[in-house]
Amino acid sequence: MQESPKSRRDTQQLEALLQKARNLLTALQQWQENLLKVGQFLVERQQAFLQSRDKLDLISTPQQLIAQSVGLSNSTISRIVRGRYILVCNQNSRIIPLHSLCVPVGVGGRTPQQIQQMLLQLIAEESPANPYTDEQLAQLLKIRFCLPITRRTVTKYRKISGIKSSHHRKLTDKKMGSKSRKQGSLLKYQS
């Protein structure tokens, strides 16, 4: 702009383009700083999960909490974590979506994944001949995990996890039991 004599109009156009370029660079730098802030916050908060890979180690971290903690809006946090990933470098390096570290608060401050994992654990321990009802599961969650939860909420998480009702689990066990008895008698016959 300074070296060659140009018309006033050309100079103004070049100055406008230069200002747009500066604004773009500033916006990109701000975006990068925001991404780094959010990433650092999530890594610090989810340290136990990143080391263990156990979903029970995830800490409830709704996007509103992140926004308040790093001084950004909820919509900015949403745009930052959507479609972005973090590379975790340890013994087995892996890539994790940022949004998976933004876990909503479930019942009793536990994450939905933790509640589902607790249900799976209880159902794995149940007697196949006498599976727990949703009411019994709610009581067991209160006693064993200090989780105040209603039967309706247990039903919701059981369905989300793809776990059948106690009635269907009992029917499935009876069918499996009769098959194994038939196979057992067949084996006896052949031997």
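Residues numbered from 1 in each chain as written. Predicted model: local features only at pLDDT ≥ 70, side-chain atom pairs only at ≥ 80, totals over all residues. Heavy atoms only, no water.

It is worth spelling out the overall build of the chain at this point. In terms of regular secondary structure, the chain is built from eight helices and two strands. For the chain, the N- to C-terminal ordering of α and β elements is α-α-α-α-β-β-α-α-α-α. Sorting the 191 residues of the chain into buried and exposed places 29% on the buried side. Considering only contacts within the chain whose residues lie at least 6 apart along the sequence, 52% involve residues at least 24 apart. Carbon and sulfur atoms make up 54% of the accessible area of the chain, which amounts to about 13,100 Å² in all. (Helix = DSSP H or I, 4+ residues; strand = E, 2+ residues; numbered from the N terminus. Buried < 20%, exposed > 50% of the residue type's maximum accessible area, 1.4 Å probe, protein only. Contact = heavy atoms within 4.5 Å. Areas by Shrake-Rupley, 256 points an atom, 1.4 Å probe, with all protein chains shown as cover.)

Chain-level statistics for the chain give a pLDDT mean of 83 and a share of 86% at 70 or above. Taken element by element, the chain is modelled with least confidence in helix H8 (residues 166-190), mean pLDDT 56, and with most confidence in helix H6 (residues 134-145), mean pLDDT 93. (pLDDT = per-residue confidence, 0-100.)

Buried within helix H3 (residues 63-70) we find Ile66, Ala67 and Val70. Along the long axis of H3, the arc covered by the buried residues comes to 100°, so they all point the same way. The inward-facing, buried residues of H3 abut helix H1 (8-45) and helix H4 (74-81). Taken from the residues just after H3, Gly71 is the one with a positive phi, measuring 75°. (Arc of directions from axis to C-beta.)

Attention shifts here to H1. Its 38 residues place the ends of H1 55 Å apart at the C-alpha level, agreeing with the 56 Å of an ideal helix rising 1.5 Å per residue. Of the positions making up H1, those classed as buried are Asn34, Val38, Gly39, Phe41 and Leu42. (Expected span 1.5 Å × (residues − 1).)

With that out of the way, let us pick up the nonpolar core. Counting 20 residues, the largest nonpolar core has Val38, Leu42, Ile66, Ile77 and Leu101 as the members making the most contacts within it. Residue assignment for this core shows that the elements contributing at least two residues are H1, helix H2 (47-52), H3, H4 and strand E1 (85-88). Each residue touching Ile66, except ones within four places of it in the same chain, is listed here: Val38, Phe41, Leu42, Thr61, Ile77 and Cys102. Counting residues in each nonpolar core, the second largest holds 16 residues, with Val107, Ile123, Leu147 and Ile163 among its members. (Core = buried A, V, L, I, M, F, W, Y, C linked by side-chain atoms within 4.5 Å.)

All right, on to the pattern of salt bridges then. Applying the stated criterion to the full structure yields three salt bridges. When the shortest N-O distance is used, the salt bridge between Glu125 and Arg144 registers 2.6 Å. Of this pair, Glu125 sits in helix H5 (residues 112-125) while Arg144 sits in helix H6; the two residues are 19 residues apart in sequence, bridging distant segments of the chain. (Salt bridge = Lys/Arg side-chain N within 4 Å of Asp/Glu carboxyl O.)

Our next topic: unusual backbone geometry. As a rule of thumb, non-glycine residues mostly have phi less than zero, and peptide bonds are mostly trans rather than cis. Phi angles above zero are rare outside glycine, and Arg53 is one such case at about 65°. By the secondary structure assignment, Arg53 is in the loop between H2 and H3. The class for Arg53 is partly exposed, based on a relative accessible area of 43%. Positioned with a positive phi, Cys146 is a non-glycine residue whose angle comes to about 50°.

Moving on: the packing of H1 against H4. At a minimum axis separation of 10 Å, H1 and H4 run at an interaxial angle of 85°. The orientation of H1 with respect to H4, classified from their angle, is roughly perpendicular. Two secondary-structure elements touch here, H1 through Trp31, Asn34, Leu35, Val38 and Leu42 and H4 through Thr76, Ile77, Arg79, Ile80 and Val81. Class assignment of the residues belonging to the contact of H1 with H4 gives a composition of seven nonpolar, two polar and one charged. (Axes fitted to C-alpha atoms, helices over the stretch in contact; angles between N-to-C directions. Parallel < 35°, antiparallel > 145°, perpendicular 65-115°, else oblique. Nonpolar A, V, L, I, M, F, W, Y, C, P; charged D, E, K, R; others polar.)

This next bit is on the packing of aromatic side chains. A ring pair, where both rings are aromatic, is described by two values, the distance of the centres and the angle of the planes. If you walk through the whole model with that rule in mind, you get zero aromatic pairs. When the ring centre of Tyr157 is taken as origin, the NZ or CZ atom of Lys156, which lies over that ring, is 4.9 Å away. (Phe/Tyr/Trp six-rings, centres within 6.5 Å; stacked < 30°, edge-to-face > 60°. Lys NZ or Arg CZ within 6 Å of the ring centre and 35° of its normal.)

Take the environment of Asp134 next. Tracing the chain through its elements places Asp134 in helix H6. Judged by relative accessible area, which is 11%, Asp134 ranks as buried. Residues Asp134 and Leu119, spaced 15 residues apart in sequence, show a C-alpha to C-alpha distance of 9.9 Å. Among all residues touching Asp134, those that are not within four sequence positions of it are Arg151, Val154, Thr155 and Arg158. There is a polar contact of 2.6 Å between the side chain of Asp134 and the side chain of Thr155. (Polar contact = N/O pair within 3.5 Å; in protein donor to acceptor, adjacent residues only side chain to side chain.)

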